[in-house]
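Residues per chain, in single letters:
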Amino acid sequence: MTLTALSVASEVFPLIKTGGLADVAGALPLALTAEGIASHVLLPGYPSVLAALEGARTVLDFNPLFGGTAHLLAGRAGGLELFVLDAPHLYARPGNPYSGPDGADWPDNPQRFAALAQVAARLGLGALPGFQPDVVHAHDWQAGLAPAYLHYAGTRRPGTVMTVHNLAFQGQCDRAWLETLGLPPEAWSIDGVESYGGIGFLKAGLQLADRVTTVSPTYAAEIRTPAGGMGLDGLLRYRGSAVSGILNGIDTAVWDPAGDPFLPSPYTAATLQAREASRAALRARLGLVDDPAAPVIGIVSRLSWQKGMDTVLEALPALLARGMRLAVLGAGDQGLQNAFAHAAATHPGQIGLHLGYDEGLAHLIQAGCDALLVPSRFEPCGLTQLCALRYGAMPVVARVGGLADTVIDANEMALAAGVGTGIQFASATRDALEAALDRVATLWRDREAWARIQHNGMASDVSWAGPARRYAALYREVSVR
Ligand code: ADP
């Protein structure tokens, strides 16, 4: 039986993206088609989204929606069936979806994302003739109120799934917003949207959705502990078996070294020597000086505390002392950006840096570096290590969250059994990172072992096929109501 799902997200690749959420929201609906799920995606009408929407037609009018006129547009882009909430008073703003030019969150973010969730709930309740989703799937805090609006509608409703891509972003606002957001007085309760004295968008979804998922089994376990729960571990333990972890995949058509338009020379596991062209192109792009005696370490990351980027800076002397080169693509915290810029200026030829967002360079780093470093303090799933596996760059990762679940540490036993795909280290500390770099250096000298690890990695299934099967099974569970 074909099910209809409405996926609700604030970011959808290739229309708007600040992180992995966009990749998931863009790829999962397509992968679900093979599982008999017809997916539509609802997202805000940011300028870049409206510009990319093909065949847009107005299917619903809202007058008013949180103080302005809004329309729901239906159309297509990136192979996806989209509903776009065209509400200029909420979304027609330049730059980042969440904050103004000064970097501060838009003060009306509660309304901006309540509007998205409210429209999701209306669609869920059949507001659009001919479209009745069986499941509403809310992604992250921006969509967190969708299960709440559906819950408080008090009528027959579709099943609901809340997926946490990162528990650190919870979407919290003052209690005074309750009425403005159209939530009923009874929602103000510990069993409702109340969270630490305010309204918690993500908390509401975690509390009220039929099922909660996060993006790896290990992260699903970590967030039930005080250390990883960011204040919500009690609730997540209380939800018991309604909480599960489903790993992300990557779009293996976008991330395909055999047909990647960003690479000078395509390659497969059988033609790994052709990576040399990408290594040369990467060196040229970032001004790195060749040294075949040591590997090039790549980083593609938000520059943030979560990603352990301060630890990389601490371990730089050790990295450089081992003759390794570092190729960094990232953007984020100003302090970290400055520190990386200073390091690159101090070590020209050894540290290559591009500050900013650059899709093409992200691909070139995956193809041109020898090992990709992901030293996160916590990592719900992580996508860059999956890309690295596919591109024959050995992932070197902290053993947390999805990093622990997707990289098989190439210790002696694993190598003997022929299954190692990378290196794991205990935690994002300078000592652990330096020890991991020592292992990288040792392995680099054993080129046969290194090549085996590359082959194992490239043979890993990082596609959406398995995850889509698991989401489809979950959808079927919650849609039987
Ligand atoms: P996050 O916590 O940032 O979502 P993920 O590893 O889950 O981390 O996803 C990050 C995604 O964003 C990957 O697809 C990665 O390639 C991409 N990415 C991160 N930083 C950059 C950048 N500066 N330029 C281009 N792509 C980037």
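Residues numbered from 1 in each chain as written. Predicted model: local features only at pLDDT ≥ 70, side-chain atom pairs only at ≥ 80, totals over all residues. Heavy atoms only, no water.

### Some thoughts on helix α4 (residues 109-124)
Part 1 of the argument: Counted at 1.5 Å a residue, the expected span for α4 with its 16 residues is 22 Å, and the 22 Å between its end C-alpha atoms agrees.
Part 2 of the argument: Counted residue by residue, α4 has 15 buried out of 16 residues, so it is predominantly covered.
Part 3 of the argument: Taken from the residues just after α4, G126 is the one with a positive phi, measuring 90°. (Helix = DSSP H or I, 4+ residues; strand = E, 2+ residues; numbered from the N terminus. Expected span 1.5 Å × (residues − 1). Buried < 20%, exposed > 50% of the residue type's maximum accessible area, 1.4 Å probe, protein only.)

### Regarding the packing of helix α16 (residues 430-445) against helix α17 (residues 447-459)
Part 1 of the argument: Viewed as axis vectors pointing N to C, α16 and α17 meet at an angle of 105°, and their least axial separation amounts to 5 Å. Judged by the angle between their axes, α16 and α17 are roughly perpendicular. Every residue of α17 that contacts α16 at V440, L443, W444 and R445 is listed here: R447, A449, W450 and I453.
Part 2 of the argument: Of the residues assigned to the contact of α16 with α17, the class counts are six nonpolar, no polar and two charged. (Axes fitted to C-alpha atoms, helices over the stretch in contact; angles between N-to-C directions. Parallel < 35°, antiparallel > 145°, perpendicular 65-115°, else oblique. Contact = heavy atoms within 4.5 Å. Nonpolar A, V, L, I, M, F, W, Y, C, P; charged D, E, K, R; others polar.)

### A look at the environment of V296
Part 1 of the argument: Structurally, V296 can be placed in strand β13 (residues 296-303).
Part 2 of the argument: Spatially, the C-alpha atoms of V296 and L202 are 39 Å apart, while their sequence positions differ by 94 residues.
Part 3 of the argument: When residues no more than four places from it in sequence are discounted, the contact partners of V296 are R279, L282, L288, R325, A327, C369, D370 and A371.

### Quick notes on the nonpolar core
Part 1 of the argument: Counting 78 residues, the largest nonpolar core has L42, L123, L145, L181, V193 and L206 as the members making the most contacts within it.
Part 2 of the argument: Of all the elements, α4 adds the most residues to this core, at nine residues.
Part 3 of the argument: If you look at the next biggest cluster of nonpolar residues, it comprises 72 residues, including I299, L316, L329 and W450. (Core = buried A, V, L, I, M, F, W, Y, C linked by side-chain atoms within 4.5 Å.)

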